Amino acid sequence: MSSAPSNKFLPSPKTVALRCSFRQGPIHLVQAGLINQVEELRWRVVFDGHYQFEDISPLPNGIQVNATTDDTKSPLLVAQVCESVASAVQARAKMGHLPVTLGGDHFRHPEVSISTYDHACVIWIDPHADINTIYSADCGKIHGMPLSFLLKLNPPAPSPDSRLVYIGLRDVEKGEKEILKKHRIKAFSMHEVDRYGIGKLTLDHVNLQRDCPTHLSFDLDALDPSVAPSTGTPAVHETGLLVALDLMEVKPTLADAGSVHQTVTVGCSLVRSTLGKSSI
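Note on numbering: residues in each chain are counted from 1, in written sequence order. In view of the model being predicted, local features appear only for residues whose pLDDT reaches at least 70, and side-chain atom pairs are presented and counted only at 80 or more, with totals across whole chains, interfaces and linings using the full set of residues. Side-chain figures throughout are based on the complete set of non-hydrogen atoms in the structure, without hydrogens or water.

> So what about unusual backbone geometry? Which residues, and what values?
Put simply, Ser12 and Pro13 share a cis peptide bond, and its omega is -5°. Where helices and strands are cited, they refer to DSSP runs of H or I of at least four residues and of E of at least two residues respectively, numbered from the N terminus. You can see Pro13 is positioned in the segment before β1 (15-20). The phi torsion at Lys152 lies on the positive side, around 60°, for a residue other than glycine. Take Lys152: it is sitting in the loop between α5 (146-150) and β5 (164-167). Note on Lys152: relative accessible area 60%, which makes it exposed. Even without being glycine, Arg184 reaches a positive phi, approximately 55°. Think of it in three bands: with a 1.4 Å probe and only protein chains considered, a residue is buried below 20% of the maximum accessible area for its type, exposed above 50%, and partly exposed in between. Look at Arg184 and you get exposed, because its relative accessible area is 73%.

Right, here's the structure in full:
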């Protein structure tokens, strides 16, 4: 029977705090019945709507959000948005809830888990490494940098012990490859996961004793758009260690009606499987 798993870090009743990072795309999953689907897995669900970025105070006169010496795009504005997201997620995490964020681009959600739970680890499923520093990025877009901030690589400095592992990388920039090699950050292909299982690969690498809180961040771009997902996410929930989940690149409004339906169906399926839905 599918149910909320026993969890070493979450008190009873097990509670999911669901929030959309913006108003448009991700809300399609909620409208498709995601809240009821999660409740059927015996989770209590608190739906916080979408982040109120509109309420962020404008920057003081005279401050230019695009003018930086390293060509980073709108750093002050992005910092305000990240702070807003982090505060909301951390508030729920400190209440013992499991934050589930449905969004577009990656924010710095894993940093909240790392700061809230001792020895938390991060599984990052994404075709992109998202670990550029402000110096290595060619385009200067901060949505390609969240993990460099998590590992405190801005300015470059030794990274902490390896608590990050990747699945599904296939579009990695030159500067990112150098960072991954320098800091010995492991990445596994989807083929390796299918062959050996997510537990043997990723969890053994960052959580060998199965005693560390786990933050799972899943970018829908990691999936082949022509097939249904088969990623082994149930293996994460079965450990009873999951403390946060991100589902990113949820942008069904950018596609035709058929693709919108597929994106919503796949997104809901991924959330359900991660939170305990059995395939039987």
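> Go over the nonpolar core with me, naming the residues and quoting the values.
Grouped burial of nonpolar side chains is what soluble globular proteins tend to show. Ranked by size, the top nonpolar core spans 47 residues in total, and within it Leu18, Leu102, Leu247 and Leu275 carry the most contacts. Here this core gets six residues from one element, more than from any other, and that element is helix α10 (residues 257-274). Once residues lying within four places of it in the same chain are set aside, the contact partners of Leu18 are Val30, Leu34, Ile35, Val45, Val46, Phe47, Asp48, Gly49, Val100 and Leu102. What we call a nonpolar core is a set of buried Ala, Val, Leu, Ile, Met, Phe, Trp, Tyr and Cys residues that are connected through their side-chain atoms within 4.5 Å. Val122, Leu164, Tyr166 and Val172 belong to the second-largest nonpolar core, a separate cluster that totals 14 residues. What makes two residues a contact is simply this: any of their non-hydrogen atoms within 4.5 Å.

> How would you explain the sheet that holds strand β3 (residues 98-102) if you had to name every residue and give the values?
DSSP calls a pair of strands paired once it identifies at least 2 bridges connecting them. In spatial order, the strands read β2-β1-β3-β8-β7-β4-β5-β6; together these eight strands make up an open sheet with parallel pairing. The outermost strands of the open sheet, each flanked by one partner alone, are β2 (44-50) and β6 (186-188). In this sheet, neighbouring strand axes are inclined to one another by 15° on average, regardless of whether the strands run parallel or antiparallel. With four bridges joining them, strand β4 (residues 121-125) and β5 adopt parallel strand pairing. Bridge pairing in β5 links Trp124 to Tyr166. Fitted lines through C-alpha atoms serve as axes, helices being fitted only where they are in contact, and the angles separating the N-to-C directions of these axes extend from 0 to 180 degrees.

> I'd like to hear about the pattern of salt bridges, residue by residue, with values.
Every case where a carboxyl oxygen of Asp or Glu lies within 4 Å of a side-chain nitrogen of Lys or Arg is listed as a salt bridge. Applying the stated rule across the entire model yields three salt bridges. Here Asp48 ties to Arg19 by a salt bridge, and the two come within 3.6 Å at their closest N and O atoms. In this pair, Asp48 sits in strand β2 while Arg19 sits in strand β1, placing the two residues 29 residues apart along the sequence. The salt bridge involving Arg92 is made with Asp48; its shortest N-O contact spans 2.8 Å. Placement of Arg92 in helix α3 (residues 75-94) and of Asp48 in strand β2 is noted, with a sequence separation of 44 residues between them. Using a relative accessible area of 16% as the deciding quantity, one classes Arg92 as buried. Bridged by salt links that share partners, the residues Arg19, Asp48 and Arg92 form one connected network.

> Break down the confidence of the model for the protein chain for me, with residues and values.
The pLDDT score gives, residue by residue, the confidence of the prediction method on a 0 to 100 scale. For the protein chain, the average pLDDT comes to 79, and 78% of its residues sit at 70 or higher. Put simply, helix α9 (residues 234-238) is where the protein chain has its lowest mean pLDDT, 72, and helix α2 (residues 34-39) is where it has its highest, 96. This stretch, residues 61-70, has a pLDDT under 50; its non-local contacts, to residues over four places away or in other chains, come to 11 contacts. Below pLDDT 50 for its whole length, residues 227-231 participates in 10 contacts with residues either more than four positions away or in separate chains.

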